[in-house]
Amino acid sequence: ASDHRVKAVVLRINSPGGGVTPSDIIYHEIRTFQKQTGKKVIAHIMDLGTSGGYYIAVSADRIIAQPTAVTGSIGVIMLSLNLEGLLQKIGVEGIAIKSADKKDMGSPLRKMTPEEQKIFQGVIDQMYERFLQVVVAGRKNLDPDRIRKLADGRVYTGQQALEAGLVDQIGYLEEALMVAKKEAG
């Protein structure tokens, strides 16, 4: 940010994603960098730029995907196991000593109650809405309703993402560098 010789940044992304908060922090840092410096950021999706990887990509001024890139996977997931039946078969019983009724929500040692599923669904829904807001802010060329339809969790090839408007062009690192040079003047 303080190197005045640097006029633009090419952000190379190769990530299947990860947690919502780390993705949001990186997104925020890139947006802050852009606002403070006025420097352009070009995202270059290599092999994978899915879920949190795509979340980060939409912070850029332009998104370029490798011809063989896979991107998208716009959504949020929480996985939980229920091992209660298996544990019973082998004679193991899970016991939770807890301070409150919901403290062991999502424990693999017992079946989740409908109320607990509803609580978790509410968290996932809010995180998903945040993800959608980030994509809407970064993909001004797309109508929010169109983004919602595209954001069903599926992955897209680079070409499919280009046709859907989720990326700006297909290209290799050389093209990303040329775009960065052009954008930076």
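Cut-off values and rules
- Residues numbered from 1 in each chain as written.
- Predicted model: local features only at pLDDT ≥ 70, side-chain atom pairs only at ≥ 80, totals over all residues.
- Heavy atoms only, no water.
- Phe/Tyr/Trp six-rings, centres within 6.5 Å; stacked < 30°, edge-to-face > 60°.
- Helix = DSSP H or I, 4+ residues; strand = E, 2+ residues; numbered from the N terminus.
- Buried < 20%, exposed > 50% of the residue type's maximum accessible area, 1.4 Å probe, protein only.
- Core = buried A, V, L, I, M, F, W, Y, C linked by side-chain atoms within 4.5 Å.
- Contact = heavy atoms within 4.5 Å.

A. Seen up close, the packing of aromatic side chains. In total, this model carries 2 aromatic pairs according to the counting rule given. Centroid distance Tyr-27 to Tyr-55: 5.8 Å. Interplanar angle 85°. Geometry classified as edge-to-face. Here Tyr-55 lies in helix α2 (residues 52-57) and Tyr-27 lies in helix α1 (residues 20-37), a separation of 28 residues in the sequence. According to the relative accessible area criterion, Tyr-27 is buried, its value standing at 8%. Geometrically, the ring pair formed by Tyr-55 and Phe-131 is tilted, given 4.9 Å between the ring centres and 50° between the ring planes. Placement of Tyr-55 in helix α2 and of Phe-131 in helix α4 (residues 114-138) is noted, with a sequence separation of 76 residues between them. Residue class for Tyr-55 comes out buried when judged on its relative accessible area of 2%.

B. How the structure looks around the nonpolar core. Grouped together as the largest cluster of nonpolar side chains are 31 residues, with contacts concentrated most on Ile-45, Tyr-54, Ile-63, Ile-74 and Leu-166. For this core, the secondary-structure elements that each account for two or more residues are α1, β2 (40-50), α2, β3 (62-65), α4, α5 (144-150) and α6 (158-164). The contact partners of Ile-45, leaving out residues within four places of it in the chain, are Ile-13, Tyr-54, Ala-57, Ile-63, Ile-64, Ala-65, Gln-66, Ala-69, Val-70, Thr-71 and Val-167. With 6 residues, the next largest nonpolar core counts Ala-8, Ile-64, Ala-176 and Val-179 among its residues.

C. Structural context of the environment of Ile-56. Checked against the element boundaries, Ile-56 lands in helix α2. Owing to a relative accessible area of 14%, Ile-56 belongs among the buried residues under this scheme. In sequence terms Ile-56 and Thr-113 are 57 residues apart; their C-alpha atoms lie 34 Å from each other. Not counting residues up to four positions away in its chain, the partners in contact with Ile-56 are Leu-11, Ile-13, Ser-23, Ile-26 and Ile-30.

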